[in-house]
Amino acid sequence: MRVSFWTLVSIFAWLILIALLVVPLGSVLLSSVQDQAGSFTLANYARFIETPRFRTAFLNTLIIGFGGLAGSLLLGSAMAFCMARIEIRGSRIVSLLAILALVSPPFIGAYSWIVLFGSGGLVRQTLMSWGIFIPPIFGLWGILIVFSFKFYPYVYLLASGALANINRSLEEAAESLGLTPFQRVMKISFPLVLPALSAGGLLALIHSIADFGTPRLIGRGFNVLATEAYTLYSAEVGSNLSMATTISIVLILLSMFFVFAQRYMSRRNVYHGNLINKPVKKKLTGFPNIAAHVVVYGIALIGAMPAFIAAIYSVRRTSGPVFHPGFGLDSYRRILYNLADVVQNSLTFSFATVALIVTIGTLIGCLVARKMSVNNSLLDATLMVPYVMPGIVVGIAFVAAFNSPPLALTGTAAVIILSIFIRRLPYSVRSSASALRQVSPSMEEAAISLGYSPSRAFMKVTVPLILPGIIAGGMLSFVTAINELSSSLVLYVGSTATMPVRIYIAINDGDYGTAAALSTVLLVLSSTAIYIAFRLMGRDERALL
Amino acid sequence: MSYLTVKDASKQFGGSVRALDGVSFAVERNEFFTLLGPSGCGKTTLLRSIAGFADLTAGSISLAGAALDAVPSHKRDIGMVFQDYAVFPHLTVAENVAFGLKARKVPATETATRVAEALNTVRLGAMAARLPAALSGGQQQRIGLARAMVIRPKLLLMDEPLSNLDAKLRIDLRDEIRDIQKSIGIAAIYVTHDQEEALAISDRICVMNAGRIEQIGTPQEIYADPRTIFVASFVGTMNILPQEAASHLGLESSRVHQWAIRPEHIQLDQGNLAPDSVRLAGRVEKYTYLGREAHVMAQTPAGKIVVQLADPAPSLRMEPGSAISLAFRRQDILSFDSKGVRLEGRGN
Ligand SMILES: Nc1ncnc2c1ncn2[C@@H]1O[C@H](COP(=O)(O)OP(=O)(O)O)[C@@H](O)[C@H]1O
Ligand SMILES: [Mg+2]
């Protein structure tokens, strides 16, 4: 009875993966190797290699990928070291600011940097009036600055966790063996946090490659694969789906390559910290102390700056797209009167997505955690694929797969919900599987030996124990769902526009007030969800990654 | 017919691992029965088969006259105590103990009295309203014990319940477990890999090795009259000597493969010896003082031999290399054949 239930779950999981992953990816692949007549050709790939424009985009993607990686590593590890080893006043506030940077949609970051440092930017204008000239932020450097301050929390959260878990005895042992402090850091601490640094760096790299909003808004002609794919797909005249799918395949291969490269590099470096002798935080005085605080607060405040800018600009007086001196709620009024359906769409889609993710993700998580088998390991591995798929690619893949009968879903709300669902599913499966692994199987056996049937034992003991973790996971999925831009941008039609899509459009139209107000609404919703999640499962920033 | 009988139990996990290989034994009502063996020998597998969490590949189990094979685990009425306590962290101490009574639809007033009674038995009466996370390991295991007993099961199973506790607590709690088991008169099967614990707590011990039973007997039988070389060396310490030692011991060695003698049966030669004594000259290799006793490791022509001295004088010195003479009685020497089975007759 019970066996057949889990078999059903397994079949169901595979059906979902086939429908939402294999078919779309297959369609993308197929479309990239077919000519107009539908016969096999590699012409698209040849064209990709031959066309200077695409070659440049490929190169640019690598540049911003590694640039974002380098910037995030620099900022993230500096902050991690200070926070883990030095007493910083108000360190709770610092980690809140890091979270704020992490959850604000990336294009809000781009927008706020434009507001301050764009051609007519506030800071830039002020500096110019003092006779100091700085170039406007547009282009490669703009993208790299935004990425570094947006993605550093990945490195920071992972590395500070690792640093805090290094057994102090190891460093003391090195000290007693006569290593200088610098040698100690290079020979002991650095190798021990290297796995965490490379894992955090990988996240920064993959997100930099996949990000679409930032290069689009701030790149000004600095094109990358994600923007090229979108341009090809969305061109009013001569939309070229087969070239867009070709670029999508290149993007997926690139992401996968980096995932495997990182795995290969850190294959031997798995350290299990023991918590017996935790490192202590040093109290600094004088100049070093001030320097450490400046570094930490500088990074944290600049990282969270977009959120503040959005909040401030959302309450500036406007008429139409033009800002006026003074404060008012004009922008919110405009949302209420003109954009209520967009807010409603976002909420409806996100709740629907979360409901799907929580139920299905938990079921598959139980399957993966409890029923060890080759089939389930394969399921777990396949679930990693959506993890490396850039949102733009998911969007294009869904268009390629669901544009025609039997599954003509494009233009419906369902297709947006499903696209977010499949991208977030791996996280949900993993988090519920790990919640379940923390419940010892002997708990359930104890209940059974006391007279409860296996299904009642599961309901009475296991479910109450994993429920907080599941709800918390659902809240974090909600944050991802409601902030999702790139796949929705490909898939939306007028009636299914969401808040991120409207923000993107508003920024493109120069309607900054509306964009700021919508962004603020998003931030408030995200922060509430994260607050609930942390209340339920204890504060664990790393759950956000 | 015995209260619990296990007949020809075999369990094969995927591949060729035989966790249980033709295990048969019987346990009586009120008996404290211990499964003793090194880790990986199949104790947990056997216990879980009795509880119904694992299916046997072959063999049968019956309890109180009824076959258990077709009874699902939650209907077997067998209480279980777990190595990792398995206390429900989201329920209070009292709710944990009442958990099994709820499944049995015991009326609320009776539940309250039985829970209070069980908690008093394990000395947790004052903790009833607390959550388990606030309690120590020993207290959590007491909850586990109370929770399993309060349903008045037909059989109580305990899988290394004390192995996560520190040494002092382990000794206190094992005596408590033993007292409680006797006072409520329940059949109990206790699993441990700790031979001292097994000797202290059991009515009978079943020594297992690699999925098979080596010997079943009272603690005295297991210690003083081991049937196999495995039991002899696993329970307590034992000097094992090769066949060639026979000439030095003045023994006949036609079928004998190995000789064995316990350290406490050897003394340092001080003249007045019993008539059947064997003398052996040797040199001190190492002297270890342990307070209540001391161990002398001696190099002799028959091989390395450890001697246990009871109540050693603090002033006693034994320099490495100094000559000593060991003496022991022929009747204390055990002999084993090439399959490790005891040969009859002491001293052969
Ligand atoms: N679920 C399982 N799958 C495969 N082998 C198992 C499983 N459970 C136990 N074993 C094997 O069966 C043998 C006996 O295990 P176990 O009963 O746990 O031993 P013990 O409790 O005496 O330490 C071991 O060799 C172990 O590796
Ligand atoms: Mg075991």
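Residues numbered from 1 in each chain as written. Chains lettered and ligands numbered in written order. Predicted model: local features only at pLDDT ≥ 70, side-chain atom pairs only at ≥ 80, totals over all residues. Heavy atoms only, no water.

Draft legend 1. View of the overall build of chain B. In terms of helices and strands, chain B carries nine helices and 18 strands. In terms of its C-alpha atoms, chain B occupies a principal-axis envelope of roughly 75 × 50 × 35 Å. In chain B, buried positions account for 50% of the 348 residues. Partitioning the intrachain contacts of chain B with sequence separation of at least 6 by distance along the chain shows that 64% fall at a separation of at least 24. Of the accessible surface of chain B, which amounts to about 15800 Å², a share of 51% is contributed by carbon and sulfur atoms. (Helix = DSSP H or I, 4+ residues; strand = E, 2+ residues; numbered from the N terminus. Buried < 20%, exposed > 50% of the residue type's maximum accessible area, 1.4 Å probe, protein only. Contact = heavy atoms within 4.5 Å. Areas by Shrake-Rupley, 256 points an atom, 1.4 Å probe, with all protein chains shown as cover.)

Draft legend 2. Representation of the overall build of chain A within the structure. Of regular secondary structure, chain A possesses 23 helices and two strands. For chain A, the C-alpha radius of gyration of 24 Å lies close to 24 Å, the compact-globule estimate for 545 residues. Referenced to the eigenvectors of the C-alpha coordinate spread, the extents of chain A come out at roughly 70 × 65 × 50 Å. Counting only residues that meet the buried cut, chain A has 53% of its 545 residues in that class. Across chain A, contacts joining residues at least 24 apart in sequence account for 77% of those joining residues at least 6 apart. Accessible surface, chain A: about 23900 Å² in total, of which carbon and sulfur atoms supply 68%. Where the 37 positive side-chain charges of chain A centre and where its 19 negative ones centre are 6 Å apart. (Rg over C-alpha atoms; globule rule 2.2 N^0.38 Å. Lys, Arg positive; Asp, Glu negative; His and termini not counted. Charge placed at Lys NZ, Arg CZ, Asp CG, Glu CD.)

Draft legend 3. Up close: the pattern of salt bridges. Residues and elements named next belong to chain B. Under the criterion given, the structure shown has 21 salt bridges over all chains. Put simply, Arg174 and Glu196 hold a salt bridge, and the shortest N to O gap is 3.9 Å. Separated by 22 residues along the polypeptide, Arg174 in helix H5 (residues 167-184) and Glu196 in helix H6 (residues 195-201) bring together distant segments of the chain. Residue Arg174 is classed as buried on the basis of its relative accessible area of 11%. Within the structure, one salt-bridge network assembled from shared partners comprises Arg18, Asp21 and Arg212. (Salt bridge = Lys/Arg side-chain N within 4 Å of Asp/Glu carboxyl O.)

Draft legend 4. Representation of the site of ligand 1. Residues and elements named next belong to chain B. Around ligand 1 sit Phe13, Ala19, Pro38, Ser39, Gly40, Cys41, Gly42, Lys43, Thr44 and Thr45, and that is every residue in its neighbourhood. Within the contact set of ligand 1, an oxygen atom lies 3.1 Å away from a backbone nitrogen or oxygen of Gly42. For the shell around ligand 1, the leading source of residues is helix H1 (residues 43-51), giving three residues. Each residue belonging to the shell around ligand 1 can be placed in one class, and the counts come to four nonpolar, five polar and one charged. (Near = heavy atom within 4 Å. Polar contact = N/O pair within 3.5 Å; in protein donor to acceptor, adjacent residues only side chain to side chain. Nonpolar A, V, L, I, M, F, W, Y, C, P; charged D, E, K, R; others polar.)

Draft legend 5. Just the environment of Tyr223 of chain B, in detail. All names here are of chain B. Structurally, the position occupied by Tyr223 is in helix H7 (residues 219-224). Look at Tyr223 and you get partly exposed, because its relative accessible area is 27%. In sequence terms Tyr223 and Glu196 are 27 residues apart; their C-alpha atoms lie 10 Å from each other. Ignoring sequence-local partners within four residues, the contact set of Tyr223 consists of Leu199, Val235, Gly236, Arg262 and Glu264. At 2.5 Å, the side chain of Tyr223 and the side chain of Glu264 are in polar contact.

Draft legend 6. The arrangement of the pairing of strand E1 (residues 4-12) of chain B in detail. All names here are of chain B. Two elements, E1 and strand E2 (residues 18-27), share six bridges in a ladder whose sense is antiparallel. Its bridge partner being in E2, Gln12 is matched across the sheet by Arg18. Counted along the chain from E1 to the antiparallel partner E2, the turn is five residues long, and its residue Gly15 has a positive phi close to 90°. Direction of pairing for E1 relative to strand E4 (residues 58-63): antiparallel, over a ladder of five bridges. Looking across to E4, one finds that Thr5 is bridged to Ser62. (Pairing = 2+ DSSP bridges.)

Draft legend 7. Structural context of the packing of aromatic side chains. This model, assessed by the stated rule, comprises 18 aromatic pairs over all chains. On the basis of an interplanar angle of 55° and a centroid distance of 4.6 Å, the ring pair of Phe88 of chain B and Phe99 of chain B is categorised as tilted. With Phe88 of chain B in the loop between strand E6 (78-81) and helix H2 (93-103) and Phe99 of chain B in helix H2, this pair connects stretches of sequence that are 11 residues apart. In this pair, the class of Phe88 of chain B matches that of Phe99 of chain B, namely buried. The ring of Tyr313 of chain A has Arg316 of chain A lying over it, and the distance from NZ or CZ to the ring centre is 4.9 Å. For the cation-ring pair, Arg147 of chain B lies above Phe88 of chain B, with the distance from its terminal atom to the ring centre recorded as 4.6 Å. (Phe/Tyr/Trp six-rings, centres within 6.5 Å; stacked < 30°, edge-to-face > 60°. Lys NZ or Arg CZ within 6 Å of the ring centre and 35° of its normal.)

Draft legend 8. Quick look at the interface of chain A and chain B. Residue-level contacts link 17 residues of chain A with 21 residues of chain B. When chain A packs against chain B, close to 1700 Å² is buried across both sides, 67% of that on carbon and sulfur atoms. Three residues stand out in chain A for area buried against chain B, namely Glu445, Ser449 and Leu450 of chain A, and they jointly supply 35% of the buried area on that side. Counting the contacts that link chain A with chain B gives one salt bridge. Between Arg48 of chain B and Glu445 of chain A there is a salt bridge, with the nearest N and O atoms lying 2.8 Å from each other. On inspection of chain A and its partner chain B, the count reaches six residue pairs in polar contact (both at pLDDT 80 or more). A per-element tally of the side of chain A that touches chain B places helix H19 (residues 441-449) of chain A first, with seven residues. In the side of chain A that touches chain B, the residues fall into 10 nonpolar, five polar and two charged. (Buried area = accessible area lost by both parts, 1.4 Å probe.)

Draft legend 9. Region of interest: the packing of helix H15 (residues 340-370) of chain A against helix H20 (residues 454-483) of chain A. Residue and element names in this part refer to chain A. Two elements in contact, H15 and H20, have axes separated by 9 Å at closest approach and are oriented at 135°. Between H15 and H20, the interaxial angle falls into the category oblique. The two elements H15 and H20 meet at a crossing, and its hand is right-handed. Counted together, Ser346, Leu347, Ser350, Phe351, Thr353, Val354, Ile357, Val358, Thr362, Cys366 and Arg370 of H15 and Phe458, Thr462, Ile470, Gly474, Ser477, Phe478, Ala481 and Ile482 of H20 form the full contact between these two elements. The residue inventory of the contact of H15 with H20, partitioned by class, reads 11 nonpolar, seven polar and one charged. (Axes fitted to C-alpha atoms, helices over the stretch in contact; angles between N-to-C directions. Parallel < 35°, antiparallel > 145°, perpendicular 65-115°, else oblique. Left-handed = near helix turned anticlockwise from the far one by under 90°.)

Draft legend 10. Structural view of the nonpolar core. Counting 238 residues, the largest nonpolar core has Leu4, Phe25, Ile50 and Ile189 of chain B as its most contacted members. Of all hydrophobic cores here, the second largest spans 25 residues; its members include Leu249, Ile266, Ile305 and Leu326 of chain B. (Core = buried A, V, L, I, M, F, W, Y, C linked by side-chain atoms within 4.5 Å.)

Draft legend 11. Looking closely at a nonpolar patch on the surface. Residues and elements named next belong to chain A. Where nonpolar side chains cluster on the molecular surface, the patch consists of Phe182, Val185, Met186, Phe190 and Leu194 and spans about 450 Å² of accessible area. Here Phe190 shows up in helix H9 (residues 181-210). The class of Phe190 is partly exposed, set by a relative accessible area of 37%. (Patch = residues over 30% accessible without salt bridge, like charges linked within 9 Å, V, L, I, M, F, W, Y side chains within 5 Å.)

Draft legend 12. The sheet that holds strand E8 (residues 187-192) of chain B, seen in detail. Residues and elements named next belong to chain B. Ordered in space as E6-E7-E8-E3-E9-E10, the six strands form an open sheet in which the pairing is mixed. Strands with a single pairing partner mark the edges of an open sheet, and in this sheet they are E6 and strand E10 (212-217). For this sheet, the mean angle separating the axes of adjacent strands, direction not counted, is 20°. Sheet analysis places E6 next to strand E7 (residues 155-159), joined by four bridges and oriented parallel. The partner of Val81 across the bridge, within E7, is Met158. Packed onto the sheet, H1 meets strand E3 (32-36), E6, E7, E8 and strand E9 (204-209) and runs at close to 150° relative to E7.

Draft legend 13. Representation of the domain arrangement of chain B within the structure. Residue and element names in this part refer to chain B. With domains assigned, chain B is organised as domain 1 (4-232) and domain 2 (237-336). Residue-level contacts link six residues of domain 1 with seven residues of domain 2. For the pair domain 1 and domain 2, the summed buried surface comes to about 610 Å²; carbon and sulfur atoms form 60% of the total. Its largest share of buried area at the contact with domain 2, domain 1 owes to Tyr223, Ile229 and Ala232, together 81% of the area lost on that side. Counting the contacts that link domain 1 with domain 2 gives zero salt bridges. (Domains from an automatic or database assignment.)

Draft legend 14. The packing of H2 of chain B against helix H3 (residues 108-121) of chain B, seen in detail. All names here are of chain B. One way to put it is that H2 packs onto H3 with a least axis distance of 10 Å and a crossing angle of 120°. Between H2 and H3, the interaxial angle falls into the category oblique. Viewed along their axes, H2 and H3 form a crossing whose handedness is right-handed. Contacts between H2 and H3 involve Val93, Ala94, Val97, Ala98 and Leu101 from the first element and Thr111, Arg114, Val115, Ala118 and Leu119 from the second. Considering only residue class, the contact of H2 with H3 consists of eight nonpolar, one polar and one charged.

Draft legend 15. Seen up close, the sheet that holds E2 of chain B. Residue and element names in this part refer to chain B. Pairing in this open sheet of four strands is antiparallel, and the strands run E2-E1-E4-E5 from one edge to the other. With one partner strand each, in any of the chains shown, E2 and strand E5 (66-67) form the two edges of the open sheet. Against the sheet, H1 engages E1, E2 and E4, with an angle of about 60° to E2.

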